[in-house]
Amino acid sequence: MTFELGPFTAIADRVFIARAEPASVTIGLLVGEESAVVIDTGSSPTQGAAILAAAQEQAGSVPVRHAVITHAHADHYFGLGGLPGVSSVAHRGLVAAARAAEEQAKPGVAPTELVEPSRTFSLATTIDLGACYVEIVHFGRGHTDHDVVVLVPGRGVVFAGDLLESEGGPWAGEDTWPTEWPQTLDGMLGILNKASVVVPGHGPLMSREDAFAQRAELAWYGGKAEELYDARTPARGAWREGAEWPWPQAQSEAFLEVAMRRLAASGRRPSRSLRLLT
Ligand SMILES: [Zn+2]
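Treat the numbers as computed from the prediction; the structure is a model and nothing was measured.

Let us look at the coordination of the zinc ion. The coordination sphere of the zinc ion contains the protein donors H71 (NE2), H73 (ND1), H143 (NE2) and D162 (OD), at a distance range of 2.2 to 2.3 Å. Coordination at the zinc ion is irregular, judged from the 4 donor atoms that bind it and the angles of 88 to 167° they form at the metal. Sequence positions of the residues that donate to the zinc ion give the spacing H-x1-H-x69-H-x18-D. In this pair, H73 sits in the loop between β6 (64-68) and α2 (74-77) while D162 sits in the loop between β12 (157-161) and α4 (181-189), placing the two residues 89 residues apart along the sequence. By the burial criterion, H73 is buried, and D162 matches it.

So, in structure tokens, the structure goes:
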């Protein structure tokens, strides 16, 4: 496993991104006149320290004082231990998720190297950097129960975390809320315009149209999960070559399995008939 960090490149005035391997996670940087903020911290404290050093070099004389963690997954959060002295912020759900993650062995990180963010919030918060600022918003559950989106007003840039991914498509795990995901995205999509630049958690930049298309795919899978669940059909084996399925088989079926487990846990009773007629 190789930990590498690509160079920061500008995507808008004062806004930069870099890619960190091995997870190809996108790291953001916004440089104000008084301070700068990094968005996500890579996969290990060593990588986090490298990200901080590279961000500081890019920011020049402006100190990197802040970090935003979009969610608790290792490639976004586990680098935070490498940013001592930097004030960090995340949704309050990150802490509980991180405690659960501590129980999993993660390459490159010992549980003792995980640090909690300096502060947490529930709905929204801002960081003033001087001449520009970021708004950090939790629109609801989706990829996890604590995803946050980082908006850069005046520059048309939105950091979506893993609520959007342009490389390999959205990823769902045990902590994902598949059928709520599209509505959560709606909060973010509603503020985009034609010129908006959307920065996904992984992969190349996305346009507003790209983001809407991925939202539509997520909604399609949510509907498909309900259809299969009601028909008592397992997710495994449901995929059909050449059919309308937007994603490859393994990704499709994994997503549906998570969605169907959530439906079962919600107490939904499978039904083959239209509920209007029962
Ligand atoms: Zn993630």
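Right, let's get into the pattern of salt bridges. Evaluated as defined, the whole model comprises 12 salt bridges. Across the pair E167 and R19 runs a salt bridge whose closest N-O atoms are separated by 3.4 Å. In this pair, E167 is assigned in the loop between β12 and α4 and R19 in strand β3 (residues 15-21), connecting sequence segments 148 residues apart. By relative accessible area, E167 is classed as partly exposed at 38%. E257 is the salt-bridge partner of R236, the closest N and O atoms lying 3.0 Å from each other. Of this pair, R236 sits in the loop between α5 (208-230) and α6 (249-265) while E257 is found in helix α6, placing the two residues 21 residues apart along the sequence. The class for E257 is partly exposed, based on a relative accessible area of 26%.

Conventions adopted
- Residues numbered from 1 in each chain as written.
- Predicted model: local features only at pLDDT ≥ 70, side-chain atom pairs only at ≥ 80, totals over all residues.
- Heavy atoms only, no water.
- Donors = N, O, S within 2.8 Å, 3.2 Å for Na, K, Ca; no water.
- Tetrahedral: all angles 85-135°; square planar, octahedral: opposite > 155°, others 65-115°.
- Helix = DSSP H or I, 4+ residues; strand = E, 2+ residues; numbered from the N terminus.
- Buried < 20%, exposed > 50% of the residue type's maximum accessible area, 1.4 Å probe, protein only.
- Salt bridge = Lys/Arg side-chain N within 4 Å of Asp/Glu carboxyl O.

Function cannot be inferred from these measures alone, as they are strictly geometric.
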